[in-house]
Amino acid sequence: MSYELHEPEFDGTTTERWKPASPSDLGDSALDSPADHFLLSESGFPPESPDDLALQVVDRVGRLNRNALANAAYGADSVETMDVDDSTEESVQTLCRELLREEFESMPETEQGVDEQLLAWEERLYEQKHETRQKLHTDDEQRYHEAEAADAPNEEERPETGR
């Protein structure tokens, strides 16, 4: 399918949990058109029908949602799951990254920064798991030696062999 991409119109930003609305529910929003809430349209902008719209990233009050942008680029309902050409998929992902970078200061400046953050997080997680395993192993080993010492015969209680 052929989709047209456009930059959404918005007034402010939010990081609230994303809850998309149907295009017909957006008619009374703060924006001029429900199409302003979406990244793609099958019939171009303005769309011929609200059903032509895809990848909503602006909430019903007109705020760009960080979670919706991330979901549009790489989530379960992302452009990756749609029947679009590679060029459109790449364009959507690029626009989402640009909007995340420009509108949300918490986002890294480059894709490499995202990869580095994920790698650092995975390394910290691995280190935590490793430390937990080491502690369990050490605790088990300590308990083993304590039990072994408790089971060992006491030299004072050992009977004489008579030799």
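Placed above this text is the structure.
Residues numbered from 1 in each chain as written. Predicted model: local features only at pLDDT ≥ 70, side-chain atom pairs only at ≥ 80, totals over all residues. Heavy atoms only, no water.

Concerning the pattern of salt bridges
Per the counting criterion, the structure on display carries 2 salt bridges. Here aspartate 59 makes a salt bridge to arginine 63, at a shortest N to O gap of 2.9 Å. Its relative accessible area of 10% is what places aspartate 59 among the buried residues. We classify arginine 63 as partly exposed; its relative accessible area is 24%. Beyond isolated ion pairs, a larger network of salt bridges with shared partners links Glu16, Asp59 and Arg63. (Salt bridge = Lys/Arg side-chain N within 4 Å of Asp/Glu carboxyl O. Buried < 20%, exposed > 50% of the residue type's maximum accessible area, 1.4 Å probe, protein only.)

Quick look at the nonpolar core
Soluble, globular proteins show a tendency: their nonpolar side chains are buried together. If you look at the biggest cluster of nonpolar residues, it comprises 21 residues, and the most contacted ones within it are Leu39, Leu40, Leu55, Val57 and Leu69. Elements supplying a minimum of two residues to this core: strand 3 (38-41), strand 4 (53-56), helix 1 (66-74) and helix 2 (86-103). Per element, the largest residue contribution to this core is 5 residues, and it comes from helix 2. Once residues lying within four places of it in the same chain are set aside, the contact partners of valine 57 are Pro8, Trp18, His37, Leu39, Arg63, Leu64, Asn65, Ala68, Leu69 and Ala72. (Core = buried A, V, L, I, M, F, W, Y, C linked by side-chain atoms within 4.5 Å. Helix = DSSP H or I, 4+ residues; strand = E, 2+ residues; numbered from the N terminus. Contact = heavy atoms within 4.5 Å.)

Considerations on the side chain of threonine 88
Mapping threonine 88 onto the fold places it in helix 2. Under the relative-accessibility criterion, threonine 88 is labelled buried at 12%. Once residues within four sequence positions are removed from consideration, threonine 88 is found in contact with Tyr3 and Leu40.

Comments concerning the environment of aspartate 11
Mapping aspartate 11 onto the fold places it in the loop between strand 1 (4-5) and strand 2 (13-14). Each C-alpha atom, one on aspartate 11 and one on aspartate 59, is 10.0 Å from the other, the two residues being 48 residues apart in sequence. Beyond its immediate chain neighbours, meaning those up to four positions away, aspartate 11 contacts Gly62 and Arg63.

Topic: unusual backbone geometry
Of note, the bond from phenylalanine 45 into proline 46 is cis; its omega dihedral lies within 30 degrees of zero at 0 degrees. Mapped onto the elements of the fold, proline 46 is located in the loop between strand 3 and strand 4.

What to know about a negative patch on the surface
Residues Glu7, Glu9, Glu98, Glu102 and Glu103 make up a contiguous surface patch of negative charge. Structurally, glutamate 98 is set in helix 2. (Patch = residues over 30% accessible without salt bridge, like charges linked within 9 Å, V, L, I, M, F, W, Y side chains within 5 Å. Areas by Shrake-Rupley, 256 points an atom, 1.4 Å probe, with all protein chains shown as cover. Lys, Arg positive; Asp, Glu negative; His and termini not counted. Charge placed at Lys NZ, Arg CZ, Asp CG, Glu CD.)

Quick word on helix 1
Within the span of helix 1, buried status applies to Ala68, Leu69, Ala72 and Ala73. All buried residues of helix 1 lie within an arc of 130 degrees about the axis, which places them on one face of the element. For helix 1, the elements touching its buried residues are strand 3, strand 4, strand 5 (64-65) and helix 2. Two or three places before asparagine 67, at the start of helix 1, stands the capping residue asparagine 65, its side-chain oxygen 2.8 Å from that residue's backbone nitrogen. (Arc of directions from axis to C-beta. Polar contact = N/O pair within 3.5 Å; in protein donor to acceptor, adjacent residues only side chain to side chain.)

Quick word on helix 2
Between its first and last C-alpha atoms helix 2 spans 26 Å; for 18 residues at 1.5 Å apiece the expected length is 26 Å, and the two agree. Along helix 2, the positions that sit buried rather than exposed are Thr88, Glu89, Val92, Gln93, Leu95, Cys96, Arg97, Leu99 and Leu100. Measuring from the side-chain oxygen of the N-cap residue of helix 2 to the backbone nitrogen of serine 87 gives 3.1 Å; that N-cap residue is aspartate 85. (Expected span 1.5 Å × (residues − 1).)

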